[in-house]
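# Survey of secondary and tertiary structure
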Amino acid sequence: MRPLSTKLAAIAPSATIEITEKARRMQAAGTDVISLSIGEPDFPTPAHITEACIDALRRGETHYAPGKGIPELVKAVAEKIEQENRIPCTADQVIVGCGAKDSIYEACEAVLSPGAEAIILDPSWVSYEPCVQIAGGTAVHHPLNDETFQVDDSLLEKVTNKTRMIIINTPSNPSGAILSRESLQLVADICQDHDLIALSDEIYEKLIYGKTHLSIGSFPGMEERTITVNGFSKAYAMTGWRLGYAVSSKEIIGYMNKVQQHTISHPTTFAMYGGVAALKDPQSCIEEMRAEFEKRRAFVLKKMEEMGLSYAPADGAFYAYVKVEGNDADVANKWLEKGHVAVTHGSAFNHPGWIRVSYAASMDRLEEAMRRISAVL
């Protein structure tokens, strides 16, 4: 048999999924493992969203839909982006995909020619680099400040004549840090000065504690050169629905639609009606989850301090990103094998020496997890 794709052979599997699968294997073997390794809310999808999907099924919404999404959802996204994110947006600037990850991949395909460079700010989510690589581009990593997790002028050093895109994520997975207005303005200035595209992953925008979310696409001069990606997985506890979206210029969305037409065709038809309910109905469900995450955050951060562990600014998402001594992969493995707590090592996010702890678990499980980690340290 001839060799398979050399491009895909060079791409590592998702570290977060691998760790979660290892924890599940241990659980299947009878070990009580507390999994704090994956980015998934532990809440059920709000009932009114589920009911909207069920109603769509009963109406027979089980056939092909428009490639960029059903009109009701596309319109709802455009309205949300204009009202909440302050980005001018019409329906033809929206594309709905199978999760935010799908939209990120399509954006990379739309923007990056073979050999083009995309700058990724580290620590960074595990799938940015593979999406760039699968699209034929080259990932260029740039470390954020280890104390503030903000952008500074050193970012300019990574810009070359091959650079086409800068990928940002605020609030951040894995760190939970939120990029300040100053950091976003610096990225915006670089994009405008060097004719670059900003890909802004804002999937955690609703889960913020004491800060304010800013969309770089709302900055002067950035409307046409920003791809804003978001979705329903985190804010509405809809991870399994696989529903996300992107907003950008008509030209970029047109290119993304070409990818979508020849891959997924469109998201699952009846699921999109759940997305409409999520955006159009009262948003109290988000605040209920956010408030509970905030309580858990305070508890976990306090326990980390008691253990003598320092952490990144945890202003958003549902992660405590803590600094550890020694090899972070070994530390994570020790916590799993001896403490039976699954976490993700920072090397998975191109940031050795750190551990990502998700607090998307019940308070009872978090209390037990903190006790186990303390016993292992």
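This is a predicted model, so every value here is computed, not measured. (Residues numbered from 1 in each chain as written. Predicted model: local features only at pLDDT ≥ 70, side-chain atom pairs only at ≥ 80, totals over all residues. Heavy atoms only, no water.)

## So, the overall build of the protein
Selection rule: Secondary structure elements are defined from DSSP: runs of H or I of at least 4 residues count as helices, runs of E of at least 2 residues count as strands, and each element is numbered from the N terminus. Each radius of gyration reported is based on C-alpha atoms, and the globular scaling rule is 2.2 Å times the count of residues to the power 0.38. When accessible area is computed with a 1.4 Å probe and restricted to protein chains, residues below 20% of their type maximum are described as buried, those above 50% as exposed, and intermediate ones as partly exposed. By definition, residues are in contact when any of their heavy atoms lie within 4.5 Å. Only the protein chains shown count as cover for residues, with accessible areas throughout obtained via the Shrake-Rupley method and a probe of 1.4 Å. Only four residue types enter the charge count: Lys and Arg as positive, Asp and Glu as negative, with His and the chain ends excluded. The atom standing in for a charge is NZ when the residue is Lys, CZ when it is Arg, CG when it is Asp and CD when it is Glu.
When its secondary structure is counted, the protein shows twelve helices and twelve strands. Taking 2.2 N^0.38 as the reference for a compact globule, 377 residues should give roughly 21 Å; the C-alpha atoms of the protein span a radius of gyration of 20 Å, in line with that estimate. The principal-axis extents of the C-alpha atoms in the protein amount to approximately 55 × 55 × 55 Å. Within the protein, buried positions represent 56% of all 377 residues. Considering only intrachain contacts with a sequence separation of at least 6, the fraction spanning at least 24 residues in the protein is 77%. A total accessible area of about 16,100 Å² is found for the protein, and carbon and sulfur atoms account for 51% of it. Of the side chains in the protein, 37 bear a positive and 49 a negative charge, and the two mean positions are spaced by 4 Å.

## Observations concerning the sheet that holds strand E5 (residues 163-169)
Note the following rule: Strands qualify as paired when DSSP identifies two bridges or more between them. Under this scheme, a helix contributes an axis fitted over its contacting stretch, all axes are lines through C-alpha atoms, and angles between N-to-C directions fall in the 0 to 180 degree range.
Read from one edge to the other, the open sheet built from seven strands follows the order E2-E8-E7-E6-E5-E3-E4, with strand pairing classed as mixed. This sheet does not close on itself; its edge strands, each paired only once, are strand E2 (94-97) and strand E4 (138-143). The mean angle between the axes of side-by-side strands here comes to 20°, regardless of whether they run parallel or antiparallel. As paired elements, E2 and strand E8 (residues 244-247) share four bridges and run antiparallel to each other. For valine 96, the partnering residue across the bridge sits in E8 and is tyrosine 245. Where helix H7 (residues 181-193) meets the sheet, its contacts fall on E5 and strand E6 (197-201), and the angle it forms with E5 comes to roughly 165°.

## Some words on H7
Basically, it comes down to this: An expected span of 1.5 Å times one less than the residue number is assigned to each helix.
Compared with an ideal rise of 1.5 Å per residue, which puts 13 residues at 18 Å, H7 spans 18 Å between its outermost C-alpha atoms and is within 8% of the ideal. Those residues of H7 lying buried are Ser183, Leu184, Leu186, Val187, Ala188, Ile190 and Cys191. Of the surrounding secondary structure, the elements contacted by the buried residues of H7 are E5 and E6.

## Quick word on the packing of helix H3 (residues 47-59) against helix H9 (residues 269-280)
Applied cut-off: For classification purposes, an angle smaller than 35 degrees is called roughly parallel, one larger than 145 roughly antiparallel, one from 65 to 115 roughly perpendicular, and anything else oblique. Handedness of a crossing follows from how the near helix is turned relative to the far one, being left-handed for an anticlockwise turn of less than a right angle and right-handed for a clockwise one. Gly is put with the polar residues, along with every residue not named as nonpolar or charged; the nonpolar set is Ala, Val, Leu, Ile, Met, Phe, Trp, Tyr, Cys and Pro, and the charged set is Asp, Glu, Lys and Arg.
As a packed pair, H3 and H9 sit with axes 7 Å apart at the nearest point and diverge in direction by 140°. One finds that H3 runs oblique with respect to H9. Between H3 and H9 the crossing geometry is right-handed. Touching His48, Ile49, Ala52, Cys53, Ala56, Leu57 and Arg59 of H3 are Phe270, Ala271, Tyr273, Gly274, Ala277 and Ala278, all from H9. A class-by-class count of the residues in the contact of H3 with H9 yields ten nonpolar, two polar and one charged.

## A word on the pairing of strand E3 (residues 117-122)
Of all six residues that make up E3, six are buried, and the element is covered over most of its length. Burial of E3 is two-sided: the residues Glu117, Ile119 and Leu121 facing one way and the residues Ala118, Ile120 and Asp122 facing the other way are all buried. Sheet topology note: the E3/E4 ladder contains six bridges and is parallel. Among the inter-strand pairings, aspartate 122 is bridged to a residue of E4, identified as proline 143.

## Digging into the packing of helix H5 (residues 100-111) against helix H8 (residues 250-261)
The geometry of H5 relative to H8 is characterised by a closest axis approach of 8 Å and an angle of 110° between their N-to-C directions. The orientation of H5 with respect to H8, classified from their angle, is roughly perpendicular. Between H5 and H8 the crossing geometry is right-handed. Where H5 approaches H8, its residues Asp102, Ser103, Tyr105, Glu106, Ala107, Glu109 and Ala110 are matched on the opposing element by Ile252, Tyr255, Met256, Val259 and Gln260. Of the residues belonging to the contact of H5 with H8, the class tally is seven nonpolar, two polar and three charged.

## A look at the pattern of salt bridges
Convention followed: Each salt bridge in this description consists of a side-chain nitrogen of Lys or Arg and a carboxyl oxygen of Asp or Glu lying within 4 Å of one another.
Applying the stated criterion across every chain yields a total of 20 salt bridges. Of the charged contacts, one joins arginine 296 and aspartate 42 as a salt bridge, the two residues approaching to 2.8 Å between their closest N and O atoms. On the criterion of sequence distance, the pair formed by arginine 296 in helix H10 (residues 284-306) and aspartate 42 in the loop between strand E1 (34-35) and H3 is long-range, its members being 254 residues apart. For aspartate 42, a relative accessible area of 34% corresponds to the partly exposed category.

## With respect to the state of the cysteines
We count it as follows: We call a pair of cysteine sulfur atoms a disulfide whenever their separation is within 2.5 Å.
All told, the structure shown has zero disulfides when counted by the stated rule. Cysteine cysteine 89 is unpaired, with the sulfur of cysteine 191 as its nearest cysteine sulfur at 19 Å.

That's the geometry; what it means functionally is another story.
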